[in-house]
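Fold and geometry: a report
Chain by chain, the residues run as shown.
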Amino acid sequence: MDILLKKKLEEAFESYMYSFYTEFKRFSLEDFGTFATTVLNCYINNKSIEADDKSEAAYYLTSLYNKGIGNRITEEHLQIITKSIVEDYSIDFIVAQRLF
């Protein structure tokens with residue numbers, strides 16, 4: 001995964017998390033999962049990223065979330081969360097509307 005994609009993912013994450021938290025006063029693991037699956041699946045559908053890069057991108061987003069909550073998620077659980085994001089092909093159109 002190149003540096004431009006990392007920057008794009010980081011900007012999307014920070015922007016979405018900030019606006020979501022401002023409105024709902026929360027950004028739970030479930031909220032993060034919905035965001036991550038939606039943003040990655042939209043990027044894949046729009047050919048912004050290759051499907052082969054989804055796992056690495058999911059791990060990167062999960063690492064950003066973990067950093068934001070004080071690194072409380074263990075590596076084992078980071079891998080489990082990443083796997084669940086990669087295996088989910090859904091798009092939440094409310095999330096997509098907020099993102100794009």
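Please refer to the structure placed before this passage.
A brief look at the structure comes next.

Rules behind the numbers
Residues numbered from 1 in each chain as written. Predicted model: local features only at pLDDT ≥ 70, side-chain atom pairs only at ≥ 80, totals over all residues. Heavy atoms only, no water. Helix = DSSP H or I, 4+ residues; strand = E, 2+ residues; numbered from the N terminus. Buried < 20%, exposed > 50% of the residue type's maximum accessible area, 1.4 Å probe, protein only. Expected span 1.5 Å × (residues − 1). Contact = heavy atoms within 4.5 Å. Core = buried A, V, L, I, M, F, W, Y, C linked by side-chain atoms within 4.5 Å. Salt bridge = Lys/Arg side-chain N within 4 Å of Asp/Glu carboxyl O. Phe/Tyr/Trp six-rings, centres within 6.5 Å; stacked < 30°, edge-to-face > 60°. Lys NZ or Arg CZ within 6 Å of the ring centre and 35° of its normal.

Here we look at unusual backbone geometry
Even without glycine at this site, K25 takes up a positive phi of about 60°. Note on placement: K25 falls in the loop between α1 (3–24) and α2 (29–45). On the basis of relative accessible area, K25 is assigned to the exposed category, the value being 57%. Located in the positive-phi region is K47, a residue other than glycine, with phi close to 65°. If you trace the backbone, K47 turns up in the loop between α2 and α3 (54–68).

Some words on α3
The terminal C-alpha atoms of α3, which comprises 15 residues, lie 21 Å apart, in line with the 21 Å expected from a rise of 1.5 Å per residue. Buried within α3 are the following residues: K54, A57, A58, Y60, L61, T62, L64, Y65 and N66. Check the buried side of α3 and you find it contacts α1, α2 and α4 (75–86). At the exit of α3 stands G70, carrying a positive phi of roughly 85°.

Points about the nonpolar core
The biggest cluster of nonpolar side chains holds 27 residues, and the ones touching the most others in it are L9, F13, F32, F35, V39, L40 and L61. Mapped by element, the contributors of at least two residues to this core are α1, α2, α3, α4 and α5 (93–99). The element contributing the most residues to this core is α2, with 7 residues. Those residues within four positions of F32 in sequence are excluded, and the remaining contacts are F13, F27, L61, T62, Y65, I81 and I85.

Looking at the pattern of salt bridges
Summed over all chains, the structure comprises 3 salt bridges. For R26, the salt bridge goes to D31, with nearest N and O atoms at 2.9 Å. On the basis of relative accessible area, D31 is assigned to the buried category, the value being 11%. Two residues, E87 and K83, come together in a salt bridge whose shortest N-O distance is 3.3 Å.

Focus: the packing of aromatic side chains
Summed over the entire model, instances satisfying the criterion amount to 12 aromatic pairs. Judged by centre distance (6.1 Å) and plane angle (65°), the rings of F13 and F27 are edge-to-face. Of this pair, F13 sits in helix α1 while F27 sits in the loop between α1 and α2, and the two are 14 residues apart along the sequence. In terms of burial, F13 and F27 fall into one category: buried. Between F20 and F27, the aromatic rings sit 5.7 Å apart at their centres with planes inclined by 70°, giving edge-to-face as the arrangement. The class for F27 is buried, based on a relative accessible area of 11%. An aromatic cluster of at least three residues, connected via ring pairs, comprises F13, Y16, F20, F24, F27, F32, F35 and Y65. Positioned above the aromatic ring of Y43, the side-chain terminus of K8 is 4.6 Å from the ring centre. For K54, the ring lying beneath its charged end belongs to Y89, and the centroid distance is 4.4 Å.

All we've got here are geometric facts, nothing functional implied.
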